[in-house]
Structure formats: structure tokens, C-alpha cells
Amino acid sequence: MTEAPRHFTVMFTGQLEHATIPDSDNAYCKYLLVHGDDWSVLDGLEDGISQITRRSAGPSGRLVWNFPLDITYKSTNAFGWPQLVVSVFEVDGLGRDIIKGYGSIHLPITPGPHTRKIHLYKPLSASLFQQFTSWITGMPAEFSDAKFPSSGHGREVTRVKSTGTAVVQLHVMTKDMSLFGYSEDAGPSKMGLHADA
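Residues numbered from 1 in each chain as written. Predicted model: local features only at pLDDT ≥ 70, side-chain atom pairs only at ≥ 80, totals over all residues. Heavy atoms only, no water.

**Considerations on the overall build of the chain**
- Of the regular secondary structure elements, the chain holds 1 helix and 11 strands.
- Listing each helix as α and each strand as β along the chain from the N terminus yields β-β-β-β-β-β-β-β-β-α-β-β.
- For the chain, the C-alpha atoms occupy an extent of roughly 70 × 40 × 25 Å along the three principal directions.
- Buried positions account for 40% of the 197 residues belonging to the chain.
- Long-range contacts, defined as pairs at least 24 residues apart, comprise 75% of the intrachain contacts of the chain with a sequence gap of at least 6.
- Surface exposure of the chain reaches about 11,200 Å², of which carbon and sulfur atoms provide 56%.
- Mean positive and mean negative side-chain charge positions of the chain (17 and 20 charges, respectively) differ by 7 Å. (Helix = DSSP H or I, 4+ residues; strand = E, 2+ residues; numbered from the N terminus. Buried < 20%, exposed > 50% of the residue type's maximum accessible area, 1.4 Å probe, protein only. Contact = heavy atoms within 4.5 Å. Areas by Shrake-Rupley, 256 points an atom, 1.4 Å probe, with all protein chains shown as cover. Lys, Arg positive; Asp, Glu negative; His and termini not counted. Charge placed at Lys NZ, Arg CZ, Asp CG, Glu CD.)

**Remarks on the pairing of strand S6 (residues 63-75)**
- Strand direction decides the pairing type here: strand S1 (residues 8-20) and S6, joined by 11 bridges, are antiparallel. Paired with Phe8 across the bridge in S6 is Ser75. (Pairing = 2+ DSSP bridges.)

**Points about unusual backbone geometry**
- One non-glycine residue with positive phi stands out, namely Asn66, at about 50°.
- Looking at where Asn66 falls in the secondary structure, it is placed in strand S6.
- The phi angle at Asp176 is positive, at roughly 70°, despite the residue not being glycine.
- If you trace the backbone, Asp176 turns up in the loop between strand S10 (160-175) and strand S11 (194-195).

**Describing empty space enclosed by the protein**
- Evaluation of the coordinates by the stated rule reveals 1 cavity of 30 Å³ or more.
- Estimates place the volume of the largest cavity at around 30 Å³.
- As for the largest cavity, its lining consists of Phe12, Leu33, Leu69, Asp70, Ile71, Leu107 and Leu170.
- In terms of residues, the lining of the largest cavity owes the most to one element, S6, which gives 3 residues.
- Here the residues of the lining of the largest cavity are counted per class, giving 6 nonpolar, no polar and 1 charged. (1 Å grid on protein atoms, 1.4 Å probe; cavity = no way out; pocket = protein on both sides within 12 Å on 5 of 7 lines; lining within 4 Å. Points joined across faces, edges and corners; volume = space filled by probe spheres on them. Nonpolar A, V, L, I, M, F, W, Y, C, P; charged D, E, K, R; others polar.)

**Looking at the nonpolar core**
- Ranked by size, the top nonpolar core spans 30 residues in total, and within it Leu16 and Leu84 carry the most contacts.
- When contributions to this core are tallied by element, the ones reaching two or more residues are S1, strand S2 (26-34), S6, strand S7 (83-91), strand S9 (112-123) and S10.
- If near-sequence neighbours (up to four positions away) are discounted, Leu16 is found in contact with Cys29, Tyr31, Trp65, Asn66, Phe67, Leu69, Leu84, Val86, Val167 and Val168.
- Counting 7 residues, the second-largest nonpolar core is a separate cluster that includes Tyr28, Phe89, Phe143 and Phe148. (Core = buried A, V, L, I, M, F, W, Y, C linked by side-chain atoms within 4.5 Å.)

Right, here's the structure in full:
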């Protein structure tokens, strides 16, 4: 007699495809996967950093990375479903890393291929003096915690400016979720981009 599984497994594979940021000529992306306490990583990396790319010469002006993502989780509870947090930086003429945008999405919950658009934003300085200082130094305001975009705590008082979008393609595979009361049915097929709020 075989023993019943003690957890379900979810595998995410795909790539950070590209970003569209109108005022950026080059960019690299740092990513971080965050999850609840009931989740643990079986295989793969929870964070990474892409190569630096230059804006494409075509009319789209995309910053293309095609940077691979591959991670497998186990859990007994869907609470704390994993989120992908991205931080996009530009390297300026003086070699400084300048933030161009933060964003986050929950990873898809249904098996199959998915394309997600991540809306990017960056924080604004709290006062006119800080705005002037950041303009003089060329160093705009940044979040001190890379996980901040994935959390709702404190976001209601944070002023931000929209800076662009990033696109991620993912393929999701699940195992044994139905044994824990969750559906493993693939959701309705969607063509094109799904903009997560």
C-alpha cells in the first residue's frame, strides 16, 4: 500500500522576456520569488539577476532579456501563493545602477502556458528637497527592501510613478493538488497578454 502524499507540488518554468521603459536605453533585471510560510523550495533559484541589455533598434524599443526562470515548490496550503518581484535598473554614464521600476505579480494558479504583463513603477521622494537632491545626485528614491512590492503593508502611503511594463512567460505544472482539495483543471485558454493588477 502506498502512502498518501504529504504535500502538493507546483513547478514554474519560463522566462523574463522583455521590458518596455520609454526613458531607458539599457537595463538589467533582478528578480525575487517570495512565498508564504507553508511553502518550501524543492528545486531552483529564488532570486537572480539578468544580463544588461540595450534597447532594440526596432519600433517597439524593447529591452529584451529572455532570462530563464525555473523553480519547484511544495506546500500543503495555497495561502502565500508565490509571487514574482522584479526590480529593473539602468546603468548610467557614470556606471551607477539607477532604479527604473519595481513590479510584482502572483504566479499563475492554473496549469499550462501563461503570459503576464508586470506594471513597473518607482517611488517618488517624500519632499521637494529630497526630489531636488535626488535630481542633483542622479540617484532617485529606492525601496530599502526588495520584497516591498509584494507586500500590501505600508503601500497606501507610498507615492509612485508608472515607468513601463515587463513581460514574463511561464508554464505551470501541478501535482497532487486535488488530494488537498484544490482543482488541477487548466483554466480557460487566453490568447495575448493578461494584465495583472
